[in-house]
Amino acid sequence: MSFKYDVIVVGGGHAGCEAAKAAADMGSSVLLVTMDMLGFAKMSCNPAIGGISKGQIVREIDALGGGTAIVTDASTLQFRMLNRSKGPAMWSPRAQCDKIQFSSNWRRLLETNCKLDIYQDTATSLLLENSKIAGVRTTTGAIFKSQAVIIAAGTFLNGKLFIGRTEFEGGRIGELSSHGITEQLVDMGIKTARMKTGTPPRIDISSVDTSGFLLQHGDENPEKFSFLPYLSSAQNGTPQMPCFILHTNEKVHDILRSGFSDSPLFNGLIHGKGPRYCPSIEDKLRVFPDKDSHQLFLEPEGRTVNEYYLQGFSSSLPLQVQLDALHAIKGLESAKIYRPAYAVEYDYFDPTQLKASFELKNIENLFFAGQINGTTGYEEAAAQGIIAGINAHRKTHDQSPFVLKRDQAYIGVLIDDLITKGVDEPYRMFTSRAEYRTLLRQDNADFRLTSLSHSIGFADDFRYDFTMRKYDSIQKLSNLSDNTNIRPKDANSYFAKISTAEISESKKISDLVSRPEVRLEPLLNFVPHGTFQKFGINPESDFKSDLSFYIKSELIYSDLISFMDYNSMNSFFLEKGKRADSYKSALYVIRTNAGYPVSLLDLAGLDALIDKYYRKEVLDSTEVLIKYKGYIEREKRIADKIMKLEDLSIPDNFDFDKVTGLTIECRNKFKRYNPRSIAQASRISGVSPADISVLLVYFGR
């Protein structure tokens, strides 16, 4: 351990873990300061990762080289691909997780990184030298110097908890809040305000009658989050755990309403704005007074514990009101709780004070990431963390900022929304926020981002090589589909089976796959002999993960998964010095923390399964490209046109008063947000197309 580092990360939540890993993976010496060594990336609320648009973000984090996907795959209790009935732009992976394993898996991932140190303490102030951030001071009096600091404090800055009229200090129940940093930043001119979030009671499932609940099972053939070639804990033979669906009723609502006068949401104790899309149960009753029932979900928090999460029942009402209302729900008449629902109010900072790199505009070398930027959700926090970590490293090494655009990633949409529009409520990502969601699918995040990440030295050689090889197979298969005809006598029996129109003459595979009900894989059985070879496809390798391509001595997955020690795998990778840290870390976490049941599968079975899932990824991605080719090409054209405005830069600290054609309101908006391009200026709320035309004329466009 040292007292001088390149980068210091304050906070061990989802943002802090990703930030520390990213900066360390890129070569910076990193210190992660956390208040709780047992709570890395703690799931304070819902024990799940992913969901609508959030699942896309996690796959993007993985494609860049982050850890959330790996940790999720090692901790999965249940996996579901949401919105399969809709187009692929809406498909979103989601996994229920064992929250204890999730934290321990993150700790394993961090502790194996030789460039990263961990210190348990609370940062209380920032150090400055020549008006630049130079380190932190902690509660114990320790002083750590650094070239950059990332603040990822979550809900802990002056955090306060509420249960009815009872209020007490904390960032989470049972954990003290942090003081000092907000006050120091305010003195330095940084704008701050308060936000609110909440969480429901945790239920002892042994006290619940689940017989009348609707079961919600995981997918029969579960996928995973990471693009790396391994089996998740939901794919390796371990049974998935179901969730339960239940409902409130009018009696429950009447009981809840009886406590409204004591609700800190309604009596003025809480001033911060809460998340609109994840409201507390009392807020639902106020907003939807005529609704006589609300859907709830009981979700497991671990494989070996009785603790369940009651999604949809977040509250800050008094304890007795909570209990009485719970006991009025069918099946929960005798329910016991481990802890009550509560609300938490905390400090956040206006994100328009940030650059796109997450460095503050007015304080050099200081970066913000996570909930303190006004967001809500593990995934949004992790996304900010990885970008802050990358850019803190690049800043300390005199490199230009790494910025993702809106047509490159949901992460780019998230960042641009925050720094351009700011927030007046906790920000949550939705697919509707992205203009180019057909381009930003969950299945192609690796193709969009891994090469870009590899070019800046983050994604390692193994991940890059594997991605390029996978997409080479997809392009070959797509080319085959565009140039290969299927004869009626071969395919009509398949068409009859799926109740689609038969063909009377030979047609291209791509034309047939364009039909909604037709799948690509069955049609490949009808291609003429020698077709695969003609298009450079070897079914024995192109549709398999073929790990022996990367690993010497023909070792494959079943051999590697048997190694318990992280370092023992080093000698089994090709080329001395070849970077394969991502894969070694993934196998180590999966094997040691997920309780990998190798005994459930013989070695051949392990390798056959990993090839099965890899083949599915290749075929599914190719099929999406074929079915939605027109939509994808149209969206690309629109993106290219709009993105030309991103290249029309506005000088830093430009004096908008010089542009006489702008309205006073528009000038004030531009002065506040200081847009860096014409495109960013166009996205500021209240700016009209006429204002943008004036800017274009002024800059000679």
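What you see is a predicted model; the values in this text were computed from it and never measured.

Things to note about the overall build of the protein chain
Stage number 1. On a plain count of helices and strands, the protein chain comes out with 23 helices and 22 strands.
Stage number 2. Relative to the compact-globule value of 27 Å for 701 residues, the protein chain shows a C-alpha radius of gyration of 26 Å, a close match.
Stage number 3. Taking the principal axes of the C-alpha coordinates as reference, the protein chain spans close to 75 × 70 × 55 Å.
Stage number 4. Sorting the 701 residues of the protein chain into buried and exposed places 59% on the buried side.
Stage number 5. Split by element, the accessible area of the protein chain, about 27700 Å² in all, is 50% carbon and sulfur.
Stage number 6. One way to put it: in the protein chain the 84 positive side-chain charges average out to a point 3 Å from where the 85 negative ones average out.

Brief notes about the packing of helix α9 (residues 378-396) against helix α10 (residues 410-421)
How two helices pack is summed up by the angle between their axes together with the distance between the axes.
Stage number 1. Two elements in contact, α9 and α10, have axes whose closest approach is 10 Å; the angle formed by their N-to-C orientations is 90 degrees. Between α9 and α10, the crossing angle belongs to the class labelled roughly perpendicular. Across the interface between the two elements, Glu380, Ala383, Gln384 and Ile387 from α9 touch Ile411, Leu414, Ile415 and Leu418 from α10.
Stage number 2. Looking at the contact of α9 with α10 residue by residue, the class counts come to six nonpolar, one polar and one charged.

Some remarks on the sheet that holds strand β3 (residues 48-50)
One key point about sheets: their strands pair by backbone hydrogen bonds, in either a parallel or an antiparallel sense.
Stage number 1. The sheet built from three strands is open, its strands ordered β3-β5-β4 with antiparallel pairing. The open sheet is flanked by β3 and β4 (76-82), the only strands paired with a single partner. In this sheet, neighbouring strand axes are inclined to one another by 15 degrees on average, regardless of whether the strands run parallel or antiparallel.
Stage number 2. Of the pairings in the sheet, the one linking β4 to strand β5 (residues 92-97) comprises six bridges and is antiparallel in character. Residue Thr76 lies in a different strand from β5, and its bridge partner there is Cys97.
Stage number 3. Contacts between helix α3 (residues 68-75) and the sheet are confined to β3, β4 and β5, with β4 contributing the most and set at about 115 degrees to the helix.

What about the nonpolar core?
Stage number 1. In this structure, Ile151, Leu366, Phe368, Ile411 and Tyr557 are the most contacted members of the largest nonpolar core, which totals 155 residues.
Stage number 2. Not counting residues up to four positions away in its chain, the partners in contact with Ile411 are Ile57, Glu60, Ile61, Leu64, Ala383, Ile387 and Leu404.
Stage number 3. Within the second largest apolar cluster, 27 residues are counted, among which are Leu296, Tyr308, Leu317 and Leu332.

What counts, and at which threshold
Residues numbered from 1 in each chain as written. Predicted model: local features only at pLDDT ≥ 70, side-chain atom pairs only at ≥ 80, totals over all residues. Heavy atoms only, no water. Helix = DSSP H or I, 4+ residues; strand = E, 2+ residues; numbered from the N terminus. Rg over C-alpha atoms; globule rule 2.2 N^0.38 Å. Buried < 20%, exposed > 50% of the residue type's maximum accessible area, 1.4 Å probe, protein only. Areas by Shrake-Rupley, 256 points an atom, 1.4 Å probe, with all protein chains shown as cover. Lys, Arg positive; Asp, Glu negative; His and termini not counted. Charge placed at Lys NZ, Arg CZ, Asp CG, Glu CD. Axes fitted to C-alpha atoms, helices over the stretch in contact; angles between N-to-C directions. Parallel < 35°, antiparallel > 145°, perpendicular 65-115°, else oblique. Contact = heavy atoms within 4.5 Å. Nonpolar A, V, L, I, M, F, W, Y, C, P; charged D, E, K, R; others polar. Pairing = 2+ DSSP bridges. Core = buried A, V, L, I, M, F, W, Y, C linked by side-chain atoms within 4.5 Å.

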